Amino acid sequence: MREGVERIHQLVEQWSPEDLLRWAFITFGGYVEIASGFGAEGVVLIDIAAKVQPEFRIFTLDTDFLFPETYNLMERIEKRYGIHVERLKSALAPDDQERLHGPALWSRDPDACCNLRKVEPLQKKLSRLRAWVTSIRRDQTPARAGALKVEWDAKFHLVKINPLADWTAGKVWRYIHDHDLPYNPLHDRGYPSIGCTHCTRSVQPGEDARAGRWSGFNKTECGLHTSAQASSLVSIIAPVPGENATEV
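Keep in mind that this is a model prediction, so the values were computed, not measured. Within every chain, residues take consecutive numbers counted from 1 along the sequence as written. Where local features are concerned, this predicted model is filtered to residues with pLDDT of at least 70; where side-chain atom pairs are given and counted, the filter is 80 or more; whole-chain, interface and lining totals use all residues. Computation of side-chain values covers all heavy atoms of the structure but excludes hydrogens and water.

## Description of the overall build of the chain
Here is step 1 of the chain: Helix and strand counts for the chain come out as 8 helices and 8 strands.
Here is step 2 of the chain: Relative accessibility thresholds used throughout: buried, under 20% of the residue-type maximum; exposed, over 50%; partly exposed, between the two (1.4 Å probe, protein chains only). The buried share among the 248 residues of the chain stands at 51%.
Here is step 3 of the chain: Counted over contacts in the chain with a minimum sequence separation of 6, partners at least 24 positions apart contribute 70%.
Here is step 4 of the chain: Areas reported here follow the Shrake-Rupley algorithm with a probe of radius 1.4 Å; residue values treat only the protein chains shown as occluding. Split by element, the accessible area of the chain, about 11700 Å² in all, is 48% carbon and sulfur. The secondary structure listing takes helices from DSSP runs of H or I that are at least 4 residues long and strands from runs of E that are at least 2 residues long, numbered from the N terminus. Pairs of residues are marked as contacts when any of their non-hydrogen atoms sit within 4.5 Å.

The structure is reproduced here in structure tokens:
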């Protein structure tokens, strides 16, 4: 098992995002989907995926509190690539959440709000999949620094694939400009990282790129990308670019 884990890690770290996505689509078929928050990395990953397999499946966590610019970008992406973005929502409508947990839960307990509006809907979705694809990068937050391109997600119990893990912000934006991709206009207004309206502000010069998320709280993650353990990879027999099969 350990030899198989080490072998797949060594292989995939050398793969391009195109190769990694091709491997994912072949390996998991209809049981792998792309998750996107439609940030800069997200639109890059969508463009790459569309070139590998135009019929890919994609979903987003619609908290009901996203920026109008984010909703508009989703619609533009759907039209450009001819895809449908599945919008996952909390079991609680905003009014129900306020009735049960009081007003502005995000301002008192952002972890609880994120759990209701993001983590729980994602958990339900991922329970039906064998793998999910994200656009996280290692240099975004300390929690993501150890992200592998293919790892076992111990929190949600499936394979997690991060094709852009080793990309930098500069490389992301070069790709966007080189391929004339649509992106959220809030990025041009001081929002390098964009979440919900209540918990996202613009970043001032000299601040960390994630400083605008949950400002005033010791929080940089919504709970989706924590506790992944690459060392627990399950056994998979799958074709990879340039080989007949590999064991994970």
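Moving on from the model shown.
## Examining the pattern of salt bridges
Here is step 1 of the chain: Each reported salt bridge corresponds to a side-chain nitrogen of Lys or Arg within 4 Å of a carboxyl oxygen of Asp or Glu. Scanning the model with the defined rule gives 15 salt bridges in all.
Here is step 2 of the chain: For the salt bridge of arginine 138 with glutamate 13, the shortest nitrogen-to-oxygen distance reads 2.9 Å. A residue pair is termed long-range when its members are at least 10 positions apart, and arginine 138 in the loop between β4 (131-133) and β5 (150-153) and glutamate 13 in the loop between α1 (2-12) and α2 (17-28) qualify at 125 residues.
Here is step 3 of the chain: Each of the salt bridges in this network shares a partner with another, and the network as a whole consists of Asp62, Asp64, Lys89 and Arg117.

## So, unusual backbone geometry
Here is step 1 of the chain: One non-glycine residue, alanine 104, lies in positive phi territory at about 50°.
Here is step 2 of the chain: Relative to the helices and strands, alanine 104 resides in the loop between α5 (94-101) and α6 (105-108).
Here is step 3 of the chain: Unusually for a residue other than glycine, histidine 157 sits at a positive phi of about 65°.
Here is step 4 of the chain: Counting through the fold element by element, histidine 157 comes out in the loop between β5 and β6 (158-161).
Here is step 5 of the chain: Given the relative accessible area of 56%, histidine 157 is considered exposed.

## Re helix α3 (residues 40-52)
Here is step 1 of the chain: If you check α3, its first and last C-alpha atoms are 19 Å apart, about what 13 residues at 1.5 Å a residue would give, namely 18 Å.
Here is step 2 of the chain: Residues of α3 that are buried include every one of Ala40, Glu41, Gly42, Val43, Val44, Leu45, Ile46, Asp47, Ile48, Ala49 and Ala50, and no others. Each helix should span, by expectation, one fewer than its residue count multiplied by 1.5 Å.

## Focus on the sheet that holds β6
Here is step 1 of the chain: A pair of strands is labelled paired if DSSP reports no fewer than 2 bridges between them. Ordered by their spatial adjacency, 6 strands build an open sheet running β3-β2-β1-β4-β6-β5, and the pairing between neighbours is mixed. Across the chains shown, the open sheet's two edge strands, defined by having one partner strand only, are β3 (85-88) and β5. On average, adjacent strands in this sheet sit at an angle of 35° to one another, irrespective of strand direction.
Here is step 2 of the chain: Across 3 bridges, the pairing between strand β1 (residues 32-35) and β4 is parallel. What sits directly across from valine 32, in β4, is alanine 131.
Here is step 3 of the chain: Strands β1, β2 (58-61), β3, β4 and β6 of the sheet are contacted by helix α7 (residues 110-126), whose axis makes an angle of about 155° with β2. Here an angle of 0 to 180 degrees is reported between the N-to-C directions of two axes, which are lines fitted to C-alpha atoms, with helices fitted over the stretch in contact.

## Here's the deal with the packing of α3 against helix α4 (residues 68-81)
Here is step 1 of the chain: At a minimum axis separation of 12 Å, α3 and α4 run at an interaxial angle of 15°. Comparing their axes, α4 and α3 come out roughly parallel. Here α3 and α4 pass one another in a crossing that is right-handed. Here α3 contributes Val43, Ile46, Asp47 and Ala50 to the contact with α4, which in turn contributes Leu73, Ile77, Arg80 and Tyr81. For classification purposes, angles smaller than 35 degrees are called roughly parallel, those larger than 145 roughly antiparallel, those between 65 and 115 roughly perpendicular, and all remaining angles oblique. A clockwise turn of the near helix away from the far one marks a right-handed crossing, whereas an anticlockwise turn of less than a right angle marks a left-handed crossing.

## What to know about the nonpolar core
Here is step 1 of the chain: In this description, a nonpolar core means a group of buried Ala, Val, Leu, Ile, Met, Phe, Trp, Tyr and Cys residues linked to one another through side-chain atoms lying within 4.5 Å. Residues Trp23, Val44, Phe56 and Ile161 are the most contacted members of the largest nonpolar core, which totals 52 residues.
Here is step 2 of the chain: Here this core gets 8 residues from one element, more than from any other, and that element is α3.
Here is step 3 of the chain: Beyond its immediate stretch of four places on either side in the chain, phenylalanine 56 contacts Phe25, Ile34, Ile46, Ala49, Ala50 and Ile83.
Here is step 4 of the chain: In terms of nonpolar packing, the next biggest core, distinct from the first, is built from 11 residues, Leu61, Leu129, Phe156 and Leu158 among them.

## Quick look at the packing of aromatic side chains
The relative placement of two aromatic rings is captured by the distance of their centres and the angle of their planes.
Here is step 1 of the chain: Only centres within 6.5 Å qualify two rings of Phe, Tyr or Trp (six-membered ring in Trp) as a pair; their planes then separate them into stacked at under 30 degrees, edge-to-face at over 60, and tilted for everything else. This structure, assessed with the given rule, holds 7 aromatic pairs.
Here is step 2 of the chain: Ring centres of tryptophan 132 and phenylalanine 156 lie 6.1 Å apart, and the angle between their planes is 80°; this geometry places the pair in the edge-to-face category. Taken together, the residues span a long stretch of sequence, with tryptophan 132 in strand β4 and phenylalanine 156 in the loop between β5 and β6 at a distance of 24 residues. Residues tryptophan 132 and phenylalanine 156 agree in their burial class; the two are buried.

## Some points on the state of the cysteines
Here is step 1 of the chain: Cysteine sulfur atoms that pair up within 2.5 Å are treated as a disulfide. Throughout the structure, instances matching the rule amount to 0 disulfides.
Here is step 2 of the chain: The closest cysteine sulfur to the non-disulfide-bonded cysteine 113 is located on cysteine 114, 6.1 Å from its own sulfur.
Here is step 3 of the chain: Unpaired in terms of disulfides, cysteine 196 finds its nearest cysteine sulfur in cysteine 199, a separation of 6.1 Å.
Here is step 4 of the chain: Exposure remark for cysteine 196: the relative accessible area of 14% places this residue in the buried category.

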